Amino acid sequence: MGLDQYLNRHSYVQNWSHQAPEQKHKITVRKNNKIRKDIKPERISYIVEKIGYWRKFNALHSWFVQNCADGEDNCKSVYIEKSSFIELLDTLRKVKDSLDKSPKKFVKVESGWANGQKTFEDVEVFEDVSVAKELLPTQSGFFFGGTEYDKWYYDDVVETIKIIEEVVADETGEYYYQASW
């Protein structure tokens with residue numbers, strides 16, 4: 001249970017009778033090396049690939065909701081324009097650069113329960129999070145994960161930069177973001 005986030009690439013592969021043979025896609029779906037008879041290749045319109053998956057990167061979720069879903073946080077699939085990915089990539093890079101320059105400190109955060117009592121652990125966080133708070137702030141929510149600007153936040157930023165760089169370089173796919181919790 002918690003915030004699960006997906007970025008999917010949709011590629012249109014529908015074949016039409018007016019297409020030249022070299023323009024058509026050949027689609028075969030196999031399971032255990034046997035062709036699936038229940039899936040008709042001529043009916044396939046799109047191939048959907050999972051490009052990104054995040055677990056409780058609530059800051060990214062908030063960014064998509066605010067910038068691409070008109071503020072509606074309702075677990076629906078949302079089409080993301082290329083210009084939005086370019087803006088997101090710029091934002092992520094600015095956040096990463098600012099955190100790279102920030103000193104760090106340790107803070108105690110609640111980590112769970114043991115023997116009927118709350119448990120705490122020391123977590124290293126960034127001291128200067130002003131750029132992150134301005135451009136990619138964390139968001140609290142039911143099972144949305146932590147709101148600290150710590151190693152996990154930083155690692156999610158770095159990994160997301162790699163994913164979005166790939167998306168920005170792509171010239172053919174359509175991209176959709178969806179979250180569930």
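Check the entry above for the structure.
What you see is a predicted model, and the numbers here were worked out from it, not measured in a lab.

Parameters and conventions
- Residues numbered from 1 in each chain as written.
- Predicted model: local features only at pLDDT ≥ 70, side-chain atom pairs only at ≥ 80, totals over all residues.
- Heavy atoms only, no water.
- Pairing = 2+ DSSP bridges.
- Helix = DSSP H or I, 4+ residues; strand = E, 2+ residues; numbered from the N terminus.
- Axes fitted to C-alpha atoms, helices over the stretch in contact; angles between N-to-C directions.
- Contact = heavy atoms within 4.5 Å.
- Phe/Tyr/Trp six-rings, centres within 6.5 Å; stacked < 30°, edge-to-face > 60°.
- Buried < 20%, exposed > 50% of the residue type's maximum accessible area, 1.4 Å probe, protein only.
- Core = buried A, V, L, I, M, F, W, Y, C linked by side-chain atoms within 4.5 Å.
- Disulfide = S-S within 2.5 Å.
- Left-handed = near helix turned anticlockwise from the far one by under 90°.
- Nonpolar A, V, L, I, M, F, W, Y, C, P; charged D, E, K, R; others polar.

Observations concerning the pairing of strand 7 (residues 117-126)
Here is the key point about a regular strand: its side chains alternate between the two faces of the sheet. Strand direction decides the pairing type here: strand 6 (residues 104-114) and strand 7, joined by 10 bridges, are antiparallel. Counted as the bridge partner of Ala-114 is Gln-117 from strand 7. The loop that links strand 6 with its antiparallel partner strand 7 comprises two residues; one of these, Asn-115, has a positive phi angle of about 55 degrees.

Observations concerning the sheet that holds strand 8 (residues 174-180)
Read across the sheet, four strands follow the order 4-1-8-5 without closing on themselves; strand pairing throughout is antiparallel. Either end of the sheet is taken by a strand with one partner, and the two such strands are strand 4 (46-55) and strand 5 (78-80). The mean angle between the axes of side-by-side strands here comes to 30 degrees, regardless of whether they run parallel or antiparallel. For strand 1 (residues 4-12) and strand 8, the ladder comprises seven bridges, and the chain directions are antiparallel. In the strand pairing of strand 8, Gln-5 is matched with Ala-179. Seen against the sheet, helix 4 (residues 151-169) touches strand 1, strand 4 and strand 8 and runs at an angle of roughly 160 degrees to strand 4.

Some points on unusual backbone geometry
You will see that Asp-70, though not glycine, has its phi angle at about 55 degrees, which is positive. For Asn-115, which is not glycine, the phi dihedral falls at a positive 55 degrees. With respect to the secondary-structure elements, Asn-115 resides in the loop between strand 6 and strand 7.

Topic: the packing of aromatic side chains
If you walk through the whole model with that rule in mind, you get 11 aromatic pairs. For the ring pair Phe-64 and Tyr-177, a centre distance of 4.2 Å and an interplane angle of 20 degrees mean the geometry is stacked. Residue Phe-64 is found in helix 1 (residues 58-68), and its partner Tyr-177 is found in strand 8; the two are separated by 113 residues along the sequence. Tyr-177 shares its class with Phe-64; the two are buried. Ring centres of Phe-144 and Trp-181 lie 5.4 Å apart, and the angle between their planes is 70 degrees; this geometry places the pair in the edge-to-face category. With a gap of 37 residues between them, Phe-144 in the loop between helix 3 (130-135) and helix 4 and Trp-181 in the segment after strand 8 connect regions that are remote in the sequence. Site record: aromatic cluster; members linked through ring pairs are Trp-63, Phe-64, Phe-85, Tyr-175 and Tyr-177.

Comments concerning the nonpolar core
Core analysis: the biggest nonpolar cluster contains 35 residues, and Leu-7, Phe-64, Leu-136 and Tyr-153 have the highest contact counts within it. Elements supplying a minimum of two residues to this core: strand 4, helix 1, strand 5, helix 2 (82-101), helix 4 and strand 8. Sort the elements by how many residues they give to this core and helix 4 lands first, with seven residues. Contact partners of Leu-7, with chain neighbours within four places excluded, come to Glu-49, Lys-50, Ile-51, Gly-52, Trp-54, Phe-85, Ile-163, Ile-164, Val-167, Tyr-175, Tyr-176 and Tyr-177.

Brief notes about the state of the cysteines
Applying the stated rule across the entire model yields zero disulfides. Distance from the sulfur of Cys-68, which forms no disulfide, to the nearest cysteine sulfur (Cys-75) is 16 Å. Residue classification places Cys-68 among the buried residues on the basis of a relative accessible area of 17%. Note on Cys-75: relative accessible area 27%, which makes it partly exposed.

Examining the packing of helix 2 against helix 4
Packing of helix 2 against helix 4 leaves a shortest axis separation of 9 Å and a crossing angle of 145 degrees. Crossing angle aside, the handedness with which helix 2 passes helix 4 is left-handed. Between helix 2 and helix 4, the contacting residues are Lys-82, Phe-85, Ile-86, Leu-88, Leu-89, Leu-92, Arg-93, Val-95, Lys-96, Leu-99 and Asp-100 on the first element and Tyr-153, Tyr-154, Val-157, Val-158, Thr-160, Ile-161, Ile-164, Glu-165, Val-167, Val-168 and Ala-169 on the second. Partitioning the contact of helix 2 with helix 4 into residue classes produces 16 nonpolar, one polar and five charged.

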